[in-house]
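Below, each chain spelled out in residue letters.
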Amino acid sequence: MSVKVEVIEGGVPHNTILIAGVVSTLVCIYLTYLNVVTQTEMFSFFGGLAVVAALVWGSHTIKVLCSYGIGTGVPSAGMIAFGSGVIAMLYATRFGMLAPVVALILAAIIGLVLGWVSNNILNMKIPAMVQALTEMAVVGALTLMGFAALITGTFGFEGLTTGTVTMFGMTLLTHQNSFIGGCLIAVAFLLGAIAIQHPFNACLGPGWTQDRMLMLTAECAFLSMIVAAIMSFALISAGSAIISLVIAIIGWVYTYKEYMALSKRDAHSWLDSKPIPDVEGQ
Amino acid sequence: MEHIVFGIGITALAGALATVAGSAEDTESNIGSQGDPNSQVQLAPQMGFLHRIFNKAVAGEPPAYGLWCCLGAGLAWAFMAMQINPVLAIVLGAVLATFVQGVYATTAYVGRTASLAKFGQPVFVDILKSMTTVTMAHAFIAIFCTVTLCHLINTALGHPFPLPLLGLIWGIALGAAGSATGNPYYGKERQYQNQKFGAGVPISASGNIVRYAEAGERNSIDNGWFTAKIGGSASGICFGMIVFLELWRTVVFEAINPWYAIIVGVLMILIFTVIDRYIEVWGRKTYGPYTAPKEAEA
């Protein structure tokens, strides 16, 4: 059995983050359904907020899992989260309004199987593995769905595979100019996979603090939302994309400043153009 | 025949772009201590060796460059879908991807260093400002060249994959080429110039990286300057050859018979395996104390 090398001390318990993460992510994804109800694309930005909520929860799950010496780097956890999540997400998009719930259930099953395989067949025997991989598959699936809703304004299969192209003043339907046909899903995959693993990867060490890591996750998520909002200009109306972009920029500036303040609080010292300080005993 | 000649021209251009990209990528990652040298930079303060080396491990190079190039390509794709000229679209995509890279670099350095507070390692703001901008400049060149070669593969050679997927694939390949070729020169050689050449890193020397320069204290731009000469060029040749040979065998042989391209690919792997083995054995015999590993431990 693997030895736990880091201990979580203080802060918000993981189960609270888990419940808050699931609820807020699902609520935000469903709020993008207002696009269908009101026949606009103005509510696409809720997809970006779902990404933020899911990633905050997911990065804490990575902290729980990678506190054990798992033998692979922290980035691998992000890759498996999205690798397992993308299958569930793509399948679930066929279920119309039920898509987010189907994605959650299907991803949980895939994660459970992967966790069982890791612990019992690959013999990794890490206590947190099954729950963590289950959670991360769900996070991966819901994050991708959030990106899909942010960029295209919908989470249905038709909307993700069909776009329009204007030729000589005529508007034609095409599969190439779409979220899946144009492979923007690959960009969403990597944006999420790096954003979910980076906070723990960047904050690990003896001086790890929960609030700093989670603030960094929110920062990474808003940063991803900025670029995803820019890509959404190609697929949704300019006004809706501008709303997403403005919200993302405000969120990113706030979280970046807060993260730097928290890092300043935790750092030993904050020096500008100074030589290496003397260490006692040298 | 004409389209084969045209294809070989595009192949040569893509190979040249890839060479520049590989060279810039390796220099960027070395200035950021990304990849395998990173563990020693992270370990040094814990062993009592405080330093002024930049440490921006976002992820391993392949996933990190997978993201930067895929993002650059995705943004370029989106701008082109908005009827923007491809040249401008690729430049804008690369600029925005570089911005994301720069933000990730700052948060990685600040976060890692803050977590080492117990060992007295300070955050050097001047390092943060000067190194991040230099890595961003190199990252821009690497991303721009890679996205451009992906666009050439897509439009000029008619590859069926959309631009973002090509960006993902070639970005990961770029990161892997830089990580495998250029990094050892920094991680095994530059960081341990105070050890016997070719001795590897004994456990007793772990974390004892070179922290002082010819004049004053060494920082990561010194490392970038050092590795750009050989490590960067080697990475550039590596990625350039990967792109050139891969496209060359497809363009030339696929027109005759698709199976020929696959057979030529397998033959190339066999030839390179033989060359690599020969060079490794020759290198071990000619340099370094590898022939008697027990003596090195003693």
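What counts, and where the lines are drawn
Residues numbered from 1 in each chain as written. Chains lettered and ligands numbered in written order. Predicted model: local features only at pLDDT ≥ 70, side-chain atom pairs only at ≥ 80, totals over all residues. Heavy atoms only, no water. Helix = DSSP H or I, 4+ residues; strand = E, 2+ residues; numbered from the N terminus. Rg over C-alpha atoms; globule rule 2.2 N^0.38 Å. Buried < 20%, exposed > 50% of the residue type's maximum accessible area, 1.4 Å probe, protein only. Contact = heavy atoms within 4.5 Å. Areas by Shrake-Rupley, 256 points an atom, 1.4 Å probe, with all protein chains shown as cover. Lys, Arg positive; Asp, Glu negative; His and termini not counted. Charge placed at Lys NZ, Arg CZ, Asp CG, Glu CD. Pairing = 2+ DSSP bridges. Core = buried A, V, L, I, M, F, W, Y, C linked by side-chain atoms within 4.5 Å.

Asks: Lay out the overall build of chain B in plain terms, naming residues and giving numbers.
Replies: Looking only at helices and strands, chain B features 10 helices and one strand. Starting at the N terminus, the α and β elements of chain B follow one another as α-α-α-α-β-α-α-α-α-α-α. Expected size for 298 residues packed as a compact globule is a radius of gyration near 19 Å; at 21 Å, chain B falls within 12% of this value. Once the C-alpha set of chain B is aligned to its principal axes, its extents read approximately 65 × 50 × 30 Å. For chain B, with 298 residues in total, the buried portion stands at 53%. Of the contacts made within chain B by residues no fewer than 6 positions apart, 76% connect residues no fewer than 24 positions apart. Accessible area of chain B: about 12,700 Å², with a carbon and sulfur share of 70%. In chain B, 16 positive and 17 negative side-chain charges are present, and the distance between their average locations comes to 8 Å.

Asks: Tell me what's going on with the pairing of strand S1 (residues 163–167) of chain A, and back it up with residues and numbers.
Replies: Successive side chains on a regular strand alternate, one facing one side of the sheet and the next facing the other. All names here are of chain A. In terms of strand pairing, S1 meets strand S2 (residues 170–174) through five bridges, oriented antiparallel. Its bridge partner lying in S2, Thr166 is registered against Thr171. With antiparallel pairing between neighbouring strands as the criterion, S1 and S2 make up a hairpin whose turn holds two residues, including Phe168 at a positive phi of roughly 50°.

Asks: Which residues make up the nonpolar core, and what are the values?
Replies: With 154 residues, the main nonpolar core has Met89(A), Phe179(A), Trp68(B), Leu71(B), Tyr104(B), Leu149(B) and Phe239(B) as its most contacted residues. Counting residues per element, this core draws most heavily on helix H9 (residues 210–232) of chain A, at 16 residues. With near-sequence residues (within four places) excluded, Met89(A) lies in contact with Ala141(A), Leu144(A), Met145(A), Ala148(A), Leu160(A), Phe179(A) and Ile185(A). Counting eight residues, the second largest nonpolar core, distinct from the first, contains Val41(B), Ile53(B), Tyr192(B) and Ile209(B).

Note that every value here comes from positions in space, so none of it alone points to a role or purpose.
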